[in-house]
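# Chains, contacts and geometry: an overview
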Amino acid sequence: MTSRSQRRAPDAEWVLMYRKGLSRARIAEVENVPASTVAYHLSVARAQDAGLQEAHDGAAGGAPAARVTVQTMQRMNDLIAMVRTEGRYPSSKAGVAAERSLAAWLQRRRHDAAEGRLAPEVRDGLACLPDWQGTPRAAADQERWQQRLAELAAYRAAGQDWPRHKSPDTDTEHDLGVWLHTQRYKQRRGELDPARKKTLDAAVPGWSTGRTRGRKARPAPDTQGKPGLD
């Protein structure tokens, strides 16, 4: 039996509730379904009915979507240019303040979209970017991935060889080695996101090949004086 959350979008009852002024979060609470599911159904409904958002705002007594400024459009264009050039979205943990600011702007637009308050000009402009709205879990995963990449780049810039996931010398080498091993494994299986591969190629060239000098020689164990090892 198909659940409400699996029905073909948009769900007529949810659309009616939204039209009468109920928020996305309130509909999700009443229907006991994820808010992200309701948001998806409502986004489909708004695409089919241009007057739905205005009807919702009027019934809810809320303000319409924020006015689009020149600065907003410039930020949108900056985001699009970055994604197309670098193959990734901005990180809130980036070392550059401008990128952190752009990441915060994107997060606010994602919130606006989830609440149905995103200006049409911004919504249409960002539509050219794949999965720009994302999900909290996907956003967190991307943040972690970008952080590991930054750590690996810094590790290599410090003169270190490629980190090993087996028999590492430090915890840092182990953590980076495991992460890098995972990226290589996905690359070999054709499962690595092309945007992430492009980012890796640019940030840490040679990542997929790794060490060419072999393993470091390790000192032989001291067996002097130990019985049975003569």
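## Here's the deal with the overall build of the protein
The helix and strand inventory of the protein stands at 10 helices and 0 strands. Element order for the protein, N to C, with α for helix and β for strand: α-α-α-α-α-α-α-α-α-α. Expressed as a percentage of the 230 residues in the protein, the buried residues total 33%. Within the protein, counting contacts between residues at least 6 apart in sequence, those at least 24 apart form 59% of the total.

## As for the confidence of the model for the protein
Averaged over every residue, the pLDDT of the protein is 81; the share at 70 or more is 84%. Looking over the protein, one finds the lowest element-wise mean pLDDT in helix H4 (residues 52–60), namely 77, and the highest in helix H9 (residues 171–188), namely 94.

## Some remarks on the pattern of salt bridges
Here the structure, examined in full by the defined rule, presents 14 salt bridges. Linking Asp161 and Arg211 is a salt bridge whose minimum nitrogen-to-oxygen distance equals 3.7 Å. Taken together, the residues Asp161 in the loop between helix H8 (136–157) and H9 and Arg211 in the segment after helix H10 (194–203) connect sequence positions 50 residues apart. Of the residues examined, Arg211 reaches a relative accessible area of 21% and is grouped as partly exposed. Salt-bridge contacts for Arg189 lead to Glu191; the nearest nitrogen and oxygen are separated by 3.0 Å. Overall, Glu191 belongs to the partly exposed group, its relative accessible area being 45%. Overlapping salt bridges bring together Asp161, Arg164, Asp169, Glu173 and Arg211 as one network.

## Brief notes about the environment of Arg110
Counting through the fold element by element, Arg110 comes out in helix H6 (residues 97–114). Judged by relative accessible area, which is 18%, Arg110 ranks as buried. For the pair Arg110 and Trp132, spaced 22 residues apart in the sequence, the C-alpha separation amounts to 8.0 Å. Looking at Arg110, its side chain comes within polar contact range of the main-chain oxygen of Gln133, at 3.4 Å.

## With respect to the environment of Leu42
On the secondary structure map, Leu42 appears in helix H3 (residues 35–48). Overall, Leu42 belongs to the buried group, its relative accessible area being 2%. Separated by 73 residues in sequence, Leu42 and Glu115 place their C-alpha atoms 9.6 Å apart. Setting aside residues up to four positions removed in sequence, Leu42 forms contacts with Trp14, Val15, Tyr18, Arg24 and Ile27.

## Thoughts on the side chain of Arg184
Note on placement: Arg184 falls in helix H9. Within the buried core, Arg184 has no salt-bridge partner, and the shortest N-O distance to an opposite charge, that of Asp161, equals 7.5 Å. Each residue touching Arg184, except ones within four places of it in the same chain, is listed here: Trp162, Trp207, Ser208, Thr209 and Gly210.

How each quantity is defined
Residues numbered from 1 in each chain as written. Predicted model: local features only at pLDDT ≥ 70, side-chain atom pairs only at ≥ 80, totals over all residues. Heavy atoms only, no water. Helix = DSSP H or I, 4+ residues; strand = E, 2+ residues; numbered from the N terminus. Buried < 20%, exposed > 50% of the residue type's maximum accessible area, 1.4 Å probe, protein only. Contact = heavy atoms within 4.5 Å. pLDDT = per-residue confidence, 0-100. Salt bridge = Lys/Arg side-chain N within 4 Å of Asp/Glu carboxyl O. Polar contact = N/O pair within 3.5 Å; in protein donor to acceptor, adjacent residues only side chain to side chain. Lys, Arg positive; Asp, Glu negative; His and termini not counted.

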